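# Analysis of the macromolecular model
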Amino acid sequence: MCILELYSDIKSFKEFSKTSNLKNFKISEKGEYKNELKKSIFENYVITFNISNKEFNDLNGQIEDAINFHKNNFDEINELISESKITYAFISFPINIKSNFVIKRFYFPKELL
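We now turn to the structure provided with this report. Source: prediction; values computed, not measured. (Residues numbered from 1 in each chain as written. Predicted model: local features only at pLDDT ≥ 70, side-chain atom pairs only at ≥ 80, totals over all residues. Heavy atoms only, no water.)

### With respect to the environment of A66
So the rule is basically this: Here a strand is any run of E in DSSP of at least two residues, a helix any run of H or I of at least four, and the numbering for each starts at the N terminus. Residue exposure (1.4 Å probe, protein chains only): buried if accessible area is under 20% of the type maximum, exposed if over 50%, otherwise partly exposed. By definition in these notes, contact holds between two residues if any of their heavy atoms fall within 4.5 Å.
Along the chain, the position of A66 falls in helix α2 (residues 59-72). For A66, a relative accessible area of 6% corresponds to the buried category. A C-alpha to C-alpha distance of 8.5 Å links A66 and L4, two positions 62 residues apart in sequence. Contacts of A66, omitting those with residues within four sequence positions, involve C2, I51 and F93.

Here is the structure:
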């Protein structure tokens with residue numbers, strides 16, 4: 001499962017979620033608990049998209065899905081980035097290493113998206 005996360009310091013993604021045609025996303029609000037037990041809170045507004053359901057042993061498939069997601073949703077993602085004052089973004093590509101798995105994050109400047 002490949003994940004795209006976008007962060008904003010100043011603007012919530014709730015309004016976007018009301019009008020978006022994009023699916024498979026989760027919104028976290030600044031100040032909400034991300035871990036009740038540890039009492040840690042989100043320091044930013046976050047929107048997370050599931051952009052691939054490929055298995056952990058299919059990195060090429062995850063990358064292909066990520067490229068297709070961006071191509072197919074370019075206008076809406078571009079609008080989201082410009083309206084939401086995105087602070088930073090990253091894509092997580094989980095991969096298998098023998099019997100364990102690792103999540104590798106690639107950090108990109110918002111202009112790259």
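### Considering the pairing of strand β5 (residues 45-52)
For clarity, the threshold we go by: A strand pair is defined by DSSP finding two or more bridges across the two strands.
By the criterion of burial, β5 is predominantly enclosed, with eight of the eight residues buried. Where strand β1 (residues 2-8) lies against β5, seven bridges are found, and the strand directions are antiparallel. Residue pairing for β5: L4 is matched across the bridge by F49. As defined by bridge partners, strand β2 (residues 25-28) adjoins β5 across four bridges and the pair is classed as antiparallel. Bridging from a neighbouring strand, S28 pairs with V46 of β5.

### Topic: helix α3 (residues 74-84)
Heads up, the condition is: Taken from the helix axis, the directions to the C-beta atoms give the arc we talk about.
Within the sequence span of α3, burial applies to E76, I77, L80, I81 and S84. Around the axis of α3, the buried residues are gathered within 135° of arc, so they sit on the same side. Positioned one or two residues after α3, K85 has a phi angle of 50°, which is positive.

### Things to note about the pattern of salt bridges
Counted only if it meets this: Within this document, salt bridges are pairs made up of a side-chain nitrogen of Lys or Arg and a carboxyl oxygen of Asp or Glu, the two lying within 4 Å of each other.
If you walk through the whole model with that rule in mind, you get two salt bridges. Notably, a salt bridge pairs K18 with E15, separated by 3.1 Å at the nearest N-O pair. Linking K18 with E15, this pair stays in helix α1 (residues 14-19), spanning three residues, or about one helical turn. Neither K18 nor E15 differs from the other in exposure class; each is exposed. Across the pair D65 and K54 runs a salt bridge, and its minimum N-O distance is 3.3 Å. Taken as a pair, D65 in helix α2 and K54 in the loop between β5 and α2 lie far apart in primary sequence, eleven residues in all. Under the relative-accessibility criterion, D65 is labelled buried at 18%. For K54, a relative accessible area of 31% corresponds to the partly exposed category.

### Focus on unusual backbone geometry
The phi torsion of most residues other than glycine is negative, and most of the peptide bonds are trans. At K85, a residue that is not glycine, the phi angle is positive and equals roughly 50°. Of note, K85 is situated in the loop between α3 and β6 (86-97).

### Concerning a nonpolar patch on the surface
Our working rule: Here a patch means residues that are over 30% exposed by relative accessible area and free of salt bridges, tied together within 9 Å if like-charged and within 5 Å if nonpolar (Val, Leu, Ile, Met, Phe, Trp, Tyr). In this description, accessible areas are obtained by the Shrake-Rupley approach with a 1.4 Å probe, and a residue is regarded as covered only by the protein chains that are shown.
A surface patch of nonpolar side chains, amounting to about 220 Å² of accessible area, comprises L59, I63 and I67. Structurally, L59 is set in helix α2.

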